[in-house]
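Here's the letter readout for the chains.
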Amino acid sequence: MAEQLNIITGTKDEMYGALLPQIREVIADEPDIIANMANVAAMLHETFHFWWTGFYRVLPERNGTGEILVLGPFQGPLACTRIRKGRGVCGTAWQEACTQVVSDVEQFPGHIACSSASKSEIVVPLIKNGIVIAVLDIDSAALNTFDETDRLWLERIVELL
Ligand code: SME
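Note that residues are indexed from 1 along each chain, following the sequence as it is written. Under the rules for a predicted model, residues below a pLDDT of 70 receive no local features and side-chain atom pairs below 80 are neither given nor counted, while totals for whole chains, interfaces and linings still include all residues. Side-chain numbers come from the whole structure's heavy atoms, not from hydrogens or water.

**Concerning the site of the ligand**
Which entries qualify depends on this criterion: Proximity is defined per residue: any heavy atom of the residue falling within 4 Å of a molecule or strand makes that residue near it. As used in this structure description, the phrase polar contact means that two N or O atoms lie within 3.5 Å; if the pair is within protein, one of them must be able to donate a hydrogen and the other to accept it, and residues adjacent in sequence are counted only when both atoms belong to side chains. Segments assigned H or I by DSSP are reported as helices when at least four residues long, segments assigned E as strands when at least two residues long, and all are numbered from the N terminus. Classes in brief: Ala, Val, Leu, Ile, Met, Phe, Trp, Tyr, Cys and Pro nonpolar; Asp, Glu, Lys and Arg charged; the others, Gly included, polar.
Around the ligand lies a shell of 13 residues, among which Val89, Cys90, Ile112, Glu121 and Asp139 are the nearest. Take Asp139: an N or O atom from its side chain is 2.9 Å from an oxygen atom of the ligand. At the level of elements, strand E1 (52–60), helix H3 (88–96) and strand E6 (131–140) are the ones that each hand at least two residues to the shell around the ligand. Of all the elements, H3 adds the most residues to the shell around the ligand, at 3 residues. The class makeup of the residues in the shell around the ligand is 8 nonpolar, 2 polar and 3 charged.

**Here we look at the nonpolar core**
Formally: Within this scheme, the nonpolar core is defined by two criteria: the residues are buried Ala, Val, Leu, Ile, Met, Phe, Trp, Tyr or Cys, and they are joined through side-chain atoms within 4.5 Å. Classification of residues uses two cut-offs on accessible area relative to the type maximum, computed with a 1.4 Å probe and protein chains only: under 20% is buried, over 50% is exposed, and between them is partly exposed. Residues count as neighbours in contact if any of their non-hydrogen atoms are within 4.5 Å of one another.
In terms of nonpolar packing, the biggest core is built from 29 residues, with Leu44 and Leu154 touching the most fellow members. If you list the elements that add at least two residues to this core, you get helix H1 (12–28), helix H2 (33–48), strand E5 (120–128), E6 and helix H4 (148–159). Among the elements that take part in this core, H1 stands out by supplying 7 residues, more than any other. Once you skip the residues sitting within four places of it in the chain, Leu44 turns out to touch Tyr16, Leu19, His49, Phe50, Thr53, Leu136, Ile138, Leu154 and Ile157. Grouped together as the second largest cluster of nonpolar side chains are 16 residues, Ile83, Trp94, Val105 and Phe108 included.

**With respect to the state of the cysteines**
Counted only if it meets this: Cysteine sulfur atoms are paired as a disulfide whenever they come within 2.5 Å of each other.
Evaluation of the coordinates by the stated rule reveals 1 disulfide. Between the sulfur of Cys80 and that of Cys114 lies a disulfide, 2.0 Å long from S to S. Residues Cys80 and Cys114 are joined by a disulfide whose S-S torsion is about -115 degrees; by sign, that bridge is left-handed. With Cys80 in the loop between strand E2 (67–75) and strand E3 (82–83) and Cys114 in the loop between strand E4 (100–102) and E5, this residue pair connects regions lying 34 residues apart in the sequence. In this structure Cys114 comes out as partly exposed when scored by relative accessible area, which is 38%. There is no disulfide at Cys90, and the cysteine sulfur nearest it, in Cys114, is 7.7 Å away. Note on Cys98: no disulfide assigned, nearest cysteine sulfur contributed by Cys90 at a separation of 14 Å.

**A short note on the environment of Val105**
With respect to the secondary-structure elements, Val105 resides in the loop between E4 and E5. Its relative accessible area of 3% is what places Val105 among the buried residues. Through-space distance from the C-alpha of Val105 to that of Leu154 is 19 Å; in sequence the pair is 49 residues apart. In contact with Val105, other than residues within four places in its own chain, are His111, Ser118, Lys119, Ser120 and Glu121.

**Side note on H3**
In terms of burial, H3 is a largely internal element, 7 of the 9 residues being buried. For H3, every residue scored as buried is listed here: Gly88, Val89, Cys90, Gly91, Thr92, Ala93 and Trp94. In this structure, the buried side of H3 is in contact with E1, E2, E3, E4, E5 and E6. Positive phi shows up at Ala97, right after H3, with a value of about 50 degrees.

Here it is, written out as structure tokens:
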């Protein structure tokens, strides 16, 4: 496995295009999803210098009465640990099993501000056998960072997990 990320530059499309095969190679021989989530978060974060890049996993509630998103592998500042279904951008991506692209988080009803520095966000669900098992959450310190190019490539990257 490659132990170092090759330097990636170019347009956003070119950068994702160069990153995807490196991610595929890094996770190919590793069956543990947490290890793979950790390296996916690291590679995305190092390539694009996002504010926060990481995963929340769908896990049983502590009292055993349902499920909740729990913080998983990430890069960036301290983050909220638990998010309910339907709450914020992450909880909405989970509930709707659909990627959320938010150009201004302050306009998103119920947005959970883990950090006031976060201005725009994309959340991509990881779906296995029709069930959301985790979400990839990326936050940017600038408005309007994410678009259809990010959605397309990040959905492809998440599918590798
Ligand atoms: N802003 C997210 C919460 C997670 S943190 O930003 C890392 C949300 O509204 O779901």
